[in-house]
Amino acid sequence: MPYAFRNQPLKGLYLTYQLIATLFARFPLWVLFNIPKSWRPRKTWTLKRTILVKLLRLLMDIGTQIGPLLKVPNHLAIAPGVGVNGVWVGTANHLVTGNLKMWAEIAKVTSVRVPGYWMHKKGSSIKVASPPQPGEKVVYQLHGGGYVRLSAHPKDVTAAIARGYVQYIDPVQRVFSLEYRLASRKPFAELYPFPTQLLDALAGYNYLVDVVGFASEDIILSGDSAGGNLAHALARYLTDYQGTTNVPLPAPPGALILLSPWVDLGTTTESLPNGSAHRFLKSDYIGTPNGGVDYSKNNAYISPASRHPALVVDFKKFPRTFIVAGGAEVLYDSIATLKDRMIEDLGEGNGVKPGAGKVRYYEAPDGIHDYTVFEWHEPERTDTFKEINRWVTAS
């Protein structure tokens, strides 16, 4: 049962057992049984990577039993810290229309004030939330975590992506990450269901355009894992309703980056015979989604890679897009489906010249899910950011 050990004293006893079992049983056996390269999940992996992936998987499993190991910043406050540049993002209820308005009314949720965090390139003299410099591009990053964990805070593990962007993407001087509301369900209070996170993402985008002053074409919308799902949903909303209602929606972003995006929240991909959801379980740290969300199977905003026959989806209005996948991740099949559908509608290419294809796909053959988060996942992580830089600066 999920979160069976979330309360003390069971939580303490469970963690003590896991620590002892890992130090004196699991770790020695992991090393012993993975010394031969042929016994590792990927023969090309080092022993270090093999052990780290196993440790990550264990930590994920422990988290499903006890909840977060540490207190994580959330949408209720700006978490201070050295070098932390937090701001408040105002509401965007005036930009809600169409299906998003209907879904929000059904879920009884509205846009609220949430925090966001700026990260600047090392040595940059740009002030926090200052207007853009001429020709400046900004990355708007939405973090992963299955919509139920992690944070946009610069001390969170997912901030490694923002650091990668400011380090390797030449035209990008700063990254803005939004602390959207996380969903929760039983045995905890049932809070912030879909489309809460899309409302927050819309508010963050409007903040960049309407408050800071960035032109939409200079915004690079990015998301990893569930954040990739959210970035896709925001791009879809901005393109679906652009110019079709009296709502003053900002224009869609100039570019979209999807890093190991979670794009089938239903069961159509995980049920594929011998699919990546099962074939790559040993080479990844996340498990099979296990059941999915029933109402997502034919919703283009939630599951654009669903194979359900009732799904109607197209990408013809989408901006130029860079998709990243790890060849060892359980979401591989759904990402490949998304890639194929986007290329069918938009063509393959950098999308910077008239008539050119707009979709670029990059795959790290031995990459795990969301590998750009992990700074030890080299050389794939650095190679990926360098490839994104070439794509961003293409002419």
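Above this text is the structure in question.
The shown structure was predicted, so the numbers you read here are calculated from the model rather than taken from an experiment.

Asks: Got a minute to help me understand a nonpolar patch on the surface in this structure?
Replies: Taken together, the side chains of Leu29, Leu32, Phe33, Ile35 and Trp39 make up a nonpolar region of the molecular surface, amounting to roughly 550 Å² of accessible area. With respect to the element layout, Ile35 can be found in the loop between α1 (10–34) and α2 (47–66).

Asks: Sorry if this is basic, but what is going on with the sheet that holds strand β7 (residues 320–326) here?
Replies: Strand-to-strand pairing in sheets goes through backbone hydrogen bonds, with the strands running parallel or antiparallel. Spatially, β1-β2-β4-β3-β5-β6-β7-β8 is the arrangement adopted by the eight strands of the open sheet, whose pairing is mixed. Taken across any chain shown, the strands that pair with only one partner, and hence form the sheet edges, are β1 (85–89) and β8 (359–364). Averaged over all adjacent pairs, the angle separating strand axes in this sheet is 20°, with direction ignored. Note that strand β5 (residues 219–224) and strand β6 (residues 255–259) share five bridges and pair parallel. When the bridges of β6 are listed, Ser222 appears paired with Ile257. Its contacts with the sheet put helix α8 (residues 332–346) on β6, β7 and β8, and the angle it makes with β7 is roughly 155°. Those strands touched by helix α9 (residues 380–392) are β3 (137–142), β5, β6, β7 and β8, and its axis lies near 170° from that of β7.

Asks: Help me out: how do you make sense of the nonpolar core in this one?
Replies: Nonpolar side chains tend toward joint burial in soluble globular proteins. Grouped together as the largest cluster of nonpolar side chains are 95 residues, with contacts concentrated most on Trp118, Tyr140, Tyr165, Phe176, Leu202, Leu234 and Ile388. At nine residues, the largest contribution of residues to this core is made by helix α5 (residues 196–212). Excluding residues within four positions of it along the chain, Tyr140 makes contact with Phe176, Leu178, Asp200, Ala201, Gly204, Tyr205, Leu208, Ile219, Ile220, Leu221, Ser222 and Leu234. Among the nonpolar cores identified, the runner-up in size contains six residues, and Tyr14, Leu58, Ile62 and Ile66 belong to it.

Asks: Before we go on, may I ask you to explain helix α3 (residues 98–107) in this structure?
Replies: Turn by turn, an α-helix covers 3.6 residues, leaving residues three or four places apart pointing in a common direction. All of the buried residues along α3 are Leu100, Trp103 and Ala104. Buried residues along α3 cover an arc of 100° about the axis, so they all sit on one side. Residues of α3 that are exposed and point more than 90 degrees away from the buried face comprise Glu105 and Ile106. Contact partners of the buried residues in α3: α5 and α6 (226–240). Lys108 lies just past α3 and shows a positive phi near 60°.

Asks: Explain the pairing of β3 here, please?
Replies: If a strand is regular, its side chains alternate between the two faces of the sheet. When you tally the buried positions in β3, you get five out of six residues, the bulk of the element. A crossover connection joins β3 to the parallel strand β4 (residues 172–178) through helix α4 (residues 159–168); in handedness this β-α-β unit is right-handed.

Asks: Help me understand the pattern of salt bridges, please; the structure alone is not making it clear to me.
Replies: Pairs may arise between side chains of opposite charge once their charged atoms sit close together. One pass over the structure, following the stated rule, counts nine salt bridges. Arg181 is the partner of Asp200 in a salt bridge, and the nearest nitrogen-oxygen pair spans 2.8 Å. Separated by 19 residues along the polypeptide, Asp200 in helix α5 and Arg181 in the loop between β4 and α5 bring together distant segments of the chain. Taking the relative accessible area as the measure of exposure, Asp200 reaches 0% and is therefore buried. Its relative accessible area of 4% is what places Arg181 among the buried residues. In this structure, Arg390 and Glu387 form a salt bridge, with 2.7 Å as the shortest nitrogen-oxygen distance. Here the residue Arg390 and the residue Glu387 both occupy positions in helix α9, the gap between them amounting to three residues, near one helical turn.

Asks: What is the right way to look at the packing of α5 against α6 in this model?
Replies: A packed helix pair is summarised by two numbers, namely the angle formed by the two axes and the spacing between the axes. In contact at an axis separation of 10 Å, α5 and α6 are set at 70° when each is read in the N-to-C sense. In this view, α5 runs roughly perpendicular relative to α6, as classed from their interaxial angle. Considering how the two elements wind past one another, α5 and α6 form a crossing that is right-handed. Contact residues: Gln197, Leu198, Ala201, Leu202 and Tyr205 in α5; Leu230, Ala233, Leu234, Tyr237 and Leu238 in α6. The residue inventory of the contact of α5 with α6, partitioned by class, reads nine nonpolar, one polar and no charged.

Asks: Just checking my understanding: could you explain the packing of α4 against α9 for this structure?
Replies: Axis separation between α4 and α9 bottoms out at 10 Å; the angle between their running directions is 55°. Taken together, the axes of α4 and α9 are oblique relative to one another. Viewed along their axes, α4 and α9 form a crossing whose handedness is right-handed. Only Arg381, Thr382, Phe385, Lys386, Ile388 and Asn389 of α9 make contact with α4, whose side of the interface consists of Ala160, Ile161, Gly164, Tyr165 and Tyr168. Looking at the contact of α4 with α9 residue by residue, the class counts come to six nonpolar, three polar and two charged.

Conventions adopted
- Residues numbered from 1 in each chain as written.
- Predicted model: local features only at pLDDT ≥ 70, side-chain atom pairs only at ≥ 80, totals over all residues.
- Heavy atoms only, no water.
- Patch = residues over 30% accessible without salt bridge, like charges linked within 9 Å, V, L, I, M, F, W, Y side chains within 5 Å.
- Areas by Shrake-Rupley, 256 points an atom, 1.4 Å probe, with all protein chains shown as cover.
- Salt bridge = Lys/Arg side-chain N within 4 Å of Asp/Glu carboxyl O.
- Helix = DSSP H or I, 4+ residues; strand = E, 2+ residues; numbered from the N terminus.
- Pairing = 2+ DSSP bridges.
- Axes fitted to C-alpha atoms, helices over the stretch in contact; angles between N-to-C directions.
- Contact = heavy atoms within 4.5 Å.
- Core = buried A, V, L, I, M, F, W, Y, C linked by side-chain atoms within 4.5 Å.
- Buried < 20%, exposed > 50% of the residue type's maximum accessible area, 1.4 Å probe, protein only.
- Arc of directions from axis to C-beta.
- Right-handed = clockwise from strand over helix to strand, strands pointing away.
- Parallel < 35°, antiparallel > 145°, perpendicular 65-115°, else oblique.
- Left-handed = near helix turned anticlockwise from the far one by under 90°.
- Nonpolar A, V, L, I, M, F, W, Y, C, P; charged D, E, K, R; others polar.

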